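Observations on the three-dimensional arrangement
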Number of protein chains: 2
Amino acid sequence: MPTRITAFEAFDIRFPTSQHLDGSDAMNPDPDYSAAYVVLRTDSADRCGYGMTFTIGRGNEICVAAIRSLATLLIGQTVESLMTEPVTLYRKLTGDSQLRWVGPEKGVIHLAAAAVINAVWDLWARIQHKPVWQVICDMSPAQFVASVDFRYLTDALTPNQALELLDRHTATRAQRIEELRGIGYPSYTTSAGWLGYSDEALKQKCTDLQARGWSHFKIKVGRDLDDDRRRCSVLRREMGEEAHMMIDANQVWDVPQAIEWIRELAPFRPWFVEEPTSPDDILGHRAIAEAVRPIRIATGEMCHNRIMFKQFMQCGALQVCQLDCCRLGGVNEVMAVLLLAAKFGIPVCPHAGGVGLCEYVQHASIVDYVCVSASMEDRVAEYSDHLHEHVYDPVVMQHGRYMPPMKAGYSVQFTEAAMQQFAR
Amino acid sequence: MPTRITAFEAFDIRFPTSQHLDGSDAMNPDPDYSAAYVVLRTDSADRCGYGMTFTIGRGNEICVAAIRSLATLLIGQTVESLMTEPVTLYRKLTGDSQLRWVGPEKGVIHLAAAAVINAVWDLWARIQHKPVWQVICDMSPAQFVASVDFRYLTDALTPNQALELLDRHTATRAQRIEELRGIGYPSYTTSAGWLGYSDEALKQKCTDLQARGWSHFKIKVGRDLDDDRRRCSVLRREMGEEAHMMIDANQVWDVPQAIEWIRELAPFRPWFVEEPTSPDDILGHRAIAEAVRPIRIATGEMCHNRIMFKQFMQCGALQVCQLDCCRLGGVNEVMAVLLLAAKFGIPVCPHAGGVGLCEYVQHASIVDYVCVSASMEDRVAEYSDHLHEHVYDPVVMQHGRYMPPMKAGYSVQFTEAAMQQFAR
């Protein structure tokens, strides 16, 4: 029996994180981590799909409005009709001839599309009693390719080339899944490095996190150069020369300023520099990357679609791909960007933190490892250690690694308690 | 006495244009031209500001929601405090640390920012009893530069370079204003070329428009190559070899396909080819431009901010800049892109059609001619001949040219009758 989507509810969920300066950086001084959340109801009373997009507070209400406009398109559809060729789902939610005007494939409408698309993948995975990563890992290369919208990609990646990429690693998928079940997927943490923390808090966080198994640490920079030097030096001293330190400017610099500032921080040997300038500035990132080489440039949490990532990769503007499972148009477009990254030989280190994002990105990194790149080299998924208590299937970390989630779905169903306390 | 913004109202206005296939093209088969409209109230009962952003139907409600979130930021502000340095207005509406997450500077939140920013310019111009174009033409170069957010532009254009650009033409502004009052600003028209029209309708429209003074005509292409050849040939035959024919693909091609298709239509000598592929694909446009040279590539109606235009211009990806007064973040960002275009020597032919856009773009083109480029060479502002009856200050066309609007404000206040019939 097919499962038909019959109704939906959209919720504006906000956590008052700004009260504790969790998540503070040079661009975002006081975020309130929030979720624009959708629950898809079906003709089977015990079967729902849950999806969300992440925001940092004000504006969440606009994403909720956009979810309402988009989810309406699914009423009456069966999950099976959308997922036989999963690109059908993506096109339905990004290709409406009137709605695409207010994107296309960017900003509020695309964030909302992610929530709705992810909710359908969640529902589809629940029907199969599998986590989303496993649904994808059980797909043939042809099914994987049938999930991706290749429109505007074919000058860089054709469906046939994608098939070839996937064919290389199909036979060995099972052993990588086995490995992940044993030791998990590596992560790095930003929990130490928010600008709002004091030196003492920074040291304490570092010691604590290192004891729990992490060796990659990211700190926020870009507000004051002397302050950045001091905090980089605290982190280097606490963590040792072997630790991987990354720095994140959250888009505060213009191109010439980015080049100067990064050169000043180069002695601290950052493993990468994240978001040195506007997320839209492909050519700016390229200029920065060329000027500060061999320091690598990372970006992607605000890279809004596969067409932007294509160009960043085509011209050498990024060396680390930090795709975001809510900024991109849901699972389908994440799969597209994993393929692009493999084509260009660029490691994917997905963006997380916030709320729900860690729960999402573990699926993306597992799919990357099992199906697409088959490599962990230079790859770590971001992790932050807060707000996980609000979902029914929170991430499980062991020695600084994500352990594969085993429950059915896409891991972001909020608890009844969280809904009671934080949903509007 | 300063004028304080005390309240606002937002409206969802929709015109059922899809019933007549006005505006049909290969990407947008059935648009319902719409406006997300804001009225700013002040402490002076007879003084309001009117602004809008343009959409093609569904999704307009999301822009209205975003207008509500943004206009709230203005309550209690005085117009004078926002406009002493007009970039203050732009930063206030695009720089909110939480709201920028759902952009930044793109999609719904930026379309809504345009409506609100334009409403403040409208209000400010009404206070001065001038049309917006004249407010800007009465600014010193320093004031003009103080209207622009140079963040992320300085690798291509610094404030000092912008001052130099403006200084060149300041002394001769008055004579160009005089000229415009006499003969107006040249336009081209899309009214002939919608895909939904029959050959007979196309011929009839052409003859009619040529008689009324137009010599530039644009038609829509990209759905079917044989059909495009036939319609290009009808237009060439009707208009003669001297007429300027432009073709518009509305983003339907991938890069390799665009190159092939344009080569097939090259014998009809298009004056430019508009939107050959994704509006986000800077490098794709460059590849197309290089392959089909000397045919020029035009784009911009969906180019969402100054950072994208900067790159299109830096790398030779566009030869005609079709900025949109609603897609960009209002008057301030239009001024930024006019400066960029002057820096790179690229003609600006603003995007119009729709509803309200013609009313807006005349101001942009006048400012370009009077203050920035001081040239009409290769420059025409788009024009479509419908829906003008719904505003109090409709465009005045003479012999295919825009005559400068003389009423105070930014020309998009909707009539009471239009509000009654079409506003929700």
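Residues numbered from 1 in each chain as written. Chains lettered and ligands numbered in written order. Predicted model: local features only at pLDDT ≥ 70, side-chain atom pairs only at ≥ 80, totals over all residues.

Concerning the domain arrangement of chain A
Residue and element names in this part refer to chain A. Note the threshold: Residue ranges assigned to the domains are those given by an automatic or database domain assignment. Once C-beta atoms have been placed from the backbone, residue pairs whose C-beta atoms lie within 7 Å are recorded as contacts. Secondary structure is summarised from DSSP: a helix means a run of H or I of at least four residues, a strand means a run of E of at least two, and numbering begins at the N terminus for each. Charged residues are taken to be Asp, Glu, Lys and Arg, nonpolar residues to be Ala, Val, Leu, Ile, Met, Phe, Trp, Tyr, Cys and Pro, and polar residues to be all remaining types, Gly included.
One can read the domain layout of chain A as domain 1 (5-130) and domain 2 (173-422). For domain 1 versus domain 2, the separation of C-alpha centres amounts to 22 Å. Contact residues are listed per partner, giving 38 residues for domain 1 and 35 residues for domain 2. Among the secondary structure elements, those contributing two or more residues to the side of domain 1 that touches domain 2 are strand S1 (5-14), strand S2 (34-42), strand S3 (48-55), helix H3 (87-94) and helix H4 (107-127). Top element by residues in the side of domain 1 that touches domain 2 is H4. It accounts for 10 residues. Of the residues in the side of domain 1 that touches domain 2, the class split is 21 nonpolar, 9 polar and 8 charged.

Comments concerning the interface of chain A and chain B
Listed by partner, the interface residues are 53 residues for chain A and 53 residues for chain B. Taken together, the elements giving at least two residues each to the side of chain A that touches chain B come down to helix H1 (60-71), H4, helix H11 (255-265), helix H12 (282-292) and helix H13 (306-314) of chain A. Per-element accounting of the side of chain A that touches chain B gives the leading share, 6 residues, to H1(A). Within the side of chain A that touches chain B, the residues separate by chemical class into 25 nonpolar, 17 polar and 11 charged.

Focus on the pairing of strand S5 (residues 216-220) of chain B
Selection rule: Exposed residues have 12 or fewer other C-beta atoms within 10 Å of their own C-beta, buried residues have 20 or more, and partly exposed residues fall in between, where C-beta atoms are placed from the backbone.
Of all the 5 residues making up S5(B), 5 are buried; the element is thus mostly covered by neighbouring parts of the structure. A two-sided burial pattern is seen for S5(B), the buried positions comprising His216(B), Lys218(B) and Lys220(B) on one face and Phe217(B) and Ile219(B) on the other.

Looking at helix H15 (residues 357-372) of chain A
Here is the rule: Take the number of residues in a helix, subtract one, and multiply by 1.5 Å to get its expected span.
With 16 residues, H15(A) extends 21 Å from end C-alpha to end C-alpha; this agrees with the ideal 22 Å at 1.5 Å per step. In terms of burial, H15(A) is largely enclosed, as 16 of its 16 residues are buried.

Quick look at the relation of the copies chain A and chain B
As a reminder, the rule being used: Overlaid copies result from least-squares superposition on C-alpha atoms, with residues included only where pLDDT is at least 70 in both.
Least-squares fitting of chain A to chain B yields an RMSD of 0.0 Å, with the transformation described by 0.0 Å of translation along the axis and a rotation of 180°. With respect to symmetry, the two chain copies, as superposed, fit the operation of a two-fold axis. Residue Gly107(A), judged by its C-alpha, is the member of chain A lying nearest the rotation axis, at 2.3 Å. By residue overlap, the copies meet face to face through one surface: 98% of the interface positions of chain A are interface positions in chain B.

Remarks on the packing of H13(A) against helix H14 (residues 330-344) of chain A
Residue and element names in this part refer to chain A. The criterion, for reference: Here an axis means a line fitted to C-alpha atoms, over the contact stretch when the element is a helix, while the angle between two N-to-C directions is reported on a 0 to 180 degree scale. Orientation is classified from the angle alone, with under 35 degrees giving roughly parallel, over 145 giving roughly antiparallel, 65 to 115 giving roughly perpendicular, and any other angle giving oblique.
In contact at an axis separation of 10 Å, H13 and H14 are set at 10° when each is read in the N-to-C sense. Relative to H14, H13 is oriented roughly parallel. Touching Arg306, Phe309, Lys310 and Met313 of H13 are Glu333, Ala336, Val337, Leu340, Ala341 and Phe344, all from H14. Here the residues of the contact of H13 with H14 sort into 7 nonpolar, no polar and 3 charged.

Section: the sheet that holds strand S3 (residues 48-55) of chain B
Residues and elements named next belong to chain B. So the rule is basically this: DSSP calls a pair of strands paired once it identifies at least 2 bridges connecting them.
Read from one edge to the other, the open sheet built from 3 strands follows the order S1-S2-S3, with strand pairing classed as antiparallel. Each edge of the open sheet is held by one strand with a lone partner, namely strand S1 (5-14) and S3. Across the sheet, the mean angle separating the axes of adjacent strands is 15° when strand polarity is ignored. The pairing of strand S2 (residues 34-42) with S3 spans 8 bridges and is classified as antiparallel. Residue Ser34 lies in a different strand from S3, and its bridge partner there is Thr55. Sheet strands in contact with helix H1 (residues 60-71) are S1, S2 and S3, and its direction is about 175° off that of S1.

Observations concerning the pairing of S3(A)
Residues and elements named next belong to chain A. With respect to burial, S3 is a largely interior element, 8 of its 8 residues being buried. Of the two faces of S3, the one holding Cys48, Tyr50, Met52 and Phe54 and the one holding Gly49, Gly51, Thr53 and Thr55 are both buried throughout. Connecting S2 to the next strand, S3, in antiparallel fashion are 5 residues.

Notes on the sheet that holds S3(A)
All names here are of chain A. With antiparallel pairing, the 3 strands of this open sheet are ordered in space as S1-S2-S3. This sheet does not close on itself; its edge strands, each paired only once, are S1 and S3. Pairs of neighbouring strands in the sheet enclose a mean axial angle of 15°, with direction left out of account. Of the pairings in the sheet, the one linking S1 to S2 comprises 9 bridges and is antiparallel in character. Bridged to Ile5 within S2 is Thr42. Packing of H1 onto the sheet brings it into contact with S1, S2 and S3, and relative to S1 it is tilted by some 175°. Against the sheet, H4 contacts S2 and S3, and its axis sits at roughly 150° relative to S3.

A word on unusual backbone geometry
All names here are of chain A. Of note, the amide linkage connecting Gly103 to Pro104 takes the cis form, showing an omega dihedral of -10°. Position of Pro104 among the secondary structure elements: in the loop between H3 and H4. Although it is not a glycine, Asn250 sits at a positive phi angle of roughly 50°. By the secondary structure assignment, Asn250 is in the loop between strand S6 (244-248) and H11. Residue classification places Asn250 among the buried residues on the basis of 20 C-beta atoms within 10 Å. At Leu387, a residue that is not glycine, the phi angle is positive and equals roughly 70°. Along the chain, the position of Leu387 falls in the loop between strand S10 (381-383) and strand S11 (396-398). Residue class for Leu387 comes out buried when judged on the 23 C-beta atoms lying within 10 Å of it.

Some remarks on helix H14 (residues 330-344) of chain B
All names here are of chain B. Given a rise of 1.5 Å per residue, 15 residues ought to cover 21 Å, and the 22 Å separating the end C-alpha atoms of H14 matches this to within 8%. Among the 15 residues in H14, 14 count as buried, and that is most of the element. Gly345 occupies a position one or two residues after H14 and carries a positive phi of about 70°.

A short note on the packing of helix H11 (residues 255-265) of chain B against helix H12 (residues 282-292) of chain B
Residues and elements named next belong to chain B. We apply this condition: The hand of a helix crossing depends on one turn: near helix anticlockwise from the far one by less than a right angle means left-handed, and clockwise means right-handed.
Where H11 meets H12, the axes come as close as 9 Å, and the angle between the chain directions of the two elements is 30°. Relative to H12, the element H11 is oriented roughly parallel. H12 is crossed by H11, and the crossing has right-handed handedness. Of the residues in H12, those touching H11 at Val255, Ala258, Ile259, Ile262 and Arg263 are Gly284, Ala287, Ile288, Ala291 and Val292.

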